Amino acid sequence: MIFLTLQQIFTNRLFRIPDYQRGYAWRSDVEIVDFWNDLMILSDQKSHFTGSLTLQEITSIDSLGFDQWVCDAKGYKAWFVIDGQQRLTTSIILLQSICDFLGTIDPDAFFLSSTVNETMSEIRGKYICAENRRQCAVTYIFGYNNNSVSDRFLRRNVFNDPNVTCSEESYYTLNIKKAKDFFMQNIAELHKAEGVDAIEILYRKLTQQLKFQLIEVKQTDDFNIFVAFETINNRGRQLSNLEKLKNRLIYLTTLYHKPNLPFETAITPIRQHINDGWAEIYQQMGRNVNLSSTGKVAVLDDDEFLKTHWILYFQYSRKTGNDYIKFLLGKHFTTQNVLQNQAEADSALEYMSDEDSDNYDANEEFEPKPSSAQPQLTLSDIRDYVTDLMNTSKAWYYTWFPQDAKANGELDDEEIKWMQRINRLGIAYFRPLITAVFYKRIIAKTISAKEVAGILESIERFIFINFRLQTTRSHYGSSEFSIAAKDLHKGTKDIKTIVDML
């Protein structure tokens, strides 16, 4: 078992977060505070065990592109970060924040003591970026793979690279921004209270006293890195179901490639499509920048979105809980459905009507109806699903924040008025149906603003009469209108039919 400091870990290593990983999920009011407090209370003479760091070697030049020069010219070895991304990213953001702060008070700042003797330029060269002076370019020692939104945001807004532009935002980039702001504020307060020596002590604790358990995984055929990622990352702050689904889909794409190809070179257009799709989804999840009544930014629940889309794309079940993710990860997007050429399956779920609700046990486990076969899953199936999921995320966002659709002319004042009324009244179980309506209006452009306003008015009236004036059961009509949401999304029901139902 090897325990190394950050200083030792960053010696001749290049780090990349692979595309199947989630982004930066630590929050400034929880994990970041704990990380900072651990450093503040750490004694000068002691080490602190920070956690494990699992790395997988990168053997393909294609995975590094231009950055390969660092390995060739400077002897760096490149690694994917399988576990420990959150701690490593936090450490890098803090290191850059230290350099940024000291640069504001003294552009020529440096540490000079018995334990630290480094300039800010040397610190950046060790932990942040390596320079290729011949080609007037830099390679960042730590970053995300495939030029993702998170990678561009990190380079532009944390590393202050003027040559990078990044206008997109997501839940993950929002966390990066909050972490940087938190560290800059607390470093300034620490300097004000104790002077520059306290900043040097902070740097020493971070780079020399935090200890990581290092595990290096070689590139072998008998090690399933996707399964390892999912297993490892279910510790601590667990992956959301949406994050697990992305990992599963990328894993499935590797099964369509010839087995003699290296893992990193098995990058196909469909795999890039998955990355682009998830970037768009998380951009929508973290798009709202307005503060809620609690003073926090209201970030949408990605698992609630995934369940909504499951109702629209696959099927509706009256059962609650994790039946949607058990279907997606346990019945549909599986290795067997890729490798086995089977006939179309029967429906994996029973529909339950409201008449069944009195006999329904909410704690009952999801048990799909047995079927003789599962459908063969093709790359086209995966592409179509990701495309629909990505497009639906925008429509779903507008069900929460309809006013944001006005700037681009995607919804008019009448539509926005009725959607806001529904949200104030309480939307009940109608979000999937309204998401399907907005999809037809904004994405598919197959229905008019007048039709949208009409169905929204009918939904608002239905909710008000049944759930506010009367003591109707809260799930009254949920089966019919959730199934209708899928039918509208698939084009087997039209707006007028659903209005007549209402």
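Just above sits the structure.
These remarks concern the structure in this document. (Residues numbered from 1 in each chain as written. Predicted model: local features only at pLDDT ≥ 70, side-chain atom pairs only at ≥ 80, totals over all residues. Heavy atoms only, no water.)

1. Structural notes on helix α18 (residues 449-469)
Part 1 of the argument: Over its 21 residues, α18 extends 29 Å from the first C-alpha to the last, a length consistent with the 30 Å expected when each residue adds 1.5 Å.
Part 2 of the argument: Along α18, the residues classified as buried are Ala449, Val452, Ala453, Ile455, Leu456, Ser458, Ile459, Glu460, Phe462, Ile463, Asn466 and Phe467.
Part 3 of the argument: Looking at the packing, one finds that the buried side of α18 touches α16 (413-425), α17 (431-443), α19 (478-490) and α20 (495-501). (Helix = DSSP H or I, 4+ residues; strand = E, 2+ residues; numbered from the N terminus. Expected span 1.5 Å × (residues − 1). Buried < 20%, exposed > 50% of the residue type's maximum accessible area, 1.4 Å probe, protein only. Contact = heavy atoms within 4.5 Å.)

2. Topic: the environment of Arg87
Part 1 of the argument: Within the secondary structure, Arg87 sits in helix α4 (residues 85-105).
Part 2 of the argument: Take Arg87: its relative accessible area is 16%, and that puts it in the buried class.
Part 3 of the argument: Considered as a pair, Arg87 and Gly51 are 36 residues apart in the sequence and their alpha carbons are 8.2 Å apart.
Part 4 of the argument: The residues touching Arg87, leaving out its near neighbours within four places in the chain, are Trp26, Thr50, Gly51, Ser52 and Phe212.

3. Considering unusual backbone geometry
Part 1 of the argument: Even without being a glycine, Asn12 presents a positive backbone phi close to 60°.
Part 2 of the argument: Note on placement: Asn12 falls in the loop between α1 (6-9) and β2 (13-17).
Part 3 of the argument: For Asn12, a relative accessible area of 39% gives the class partly exposed.
Part 4 of the argument: Despite not being glycine, Ala428 has its phi angle at roughly 55°, a positive value.
Part 5 of the argument: The residue Ala428 is located in the loop between α16 and α17 in this model.

4. Observations concerning the nonpolar core
Part 1 of the argument: Of all hydrophobic cores here, the largest spans 143 residues; its most connected members are Leu94, Trp278, Leu328, Phe333, Tyr385, Phe430 and Phe438.
Part 2 of the argument: Ranked by the residues each element gives to this core, the list is headed by α4, at 9 residues.
Part 3 of the argument: With near-sequence residues (within four places) excluded, Trp278 lies in contact with Leu242, Leu245, Lys246, Leu249, Val386 and Leu389. (Core = buried A, V, L, I, M, F, W, Y, C linked by side-chain atoms within 4.5 Å.)

5. Concerning the sheet that holds strand β3 (residues 48-57)
Part 1 of the argument: Reading across from one edge, β1-β10-β3-β4-β2-β9 is the order of the 6 strands in this open sheet, with mixed pairing throughout. Looking at strand neighbours, the two that pair on one side only are β1 (2-5) and β9 (142-144), the edges of this open sheet. Direction aside, neighbouring strands of the sheet carry axes that sit 40° apart on average.
Part 2 of the argument: By the bridge criterion, 8 bridges tie β3 to strand β10 (residues 210-217) in an arrangement that is parallel. Residue pairing across strands places Leu53 opposite Leu214, the latter belonging to β10.
Part 3 of the argument: Helix α8 (residues 196-209) contacts β1, β3 and β10 of the sheet and is inclined by roughly 35° relative to β10. (Pairing = 2+ DSSP bridges. Axes fitted to C-alpha atoms, helices over the stretch in contact; angles between N-to-C directions.)

6. Focus: the side chain of Lys440
Part 1 of the argument: On the secondary structure map, Lys440 appears in helix α17.
Part 2 of the argument: For Lys440, which is buried and forms no salt bridge, the nearest opposite charge comes from Asp388, at a distance of 8.3 Å.
Part 3 of the argument: Aside from chain neighbours lying at most four places away, what touches Lys440 is Lys445, Thr446, Ile447, Leu488, His489 and Gly491. (Lys, Arg positive; Asp, Glu negative; His and termini not counted. Salt bridge = Lys/Arg side-chain N within 4 Å of Asp/Glu carboxyl O.)

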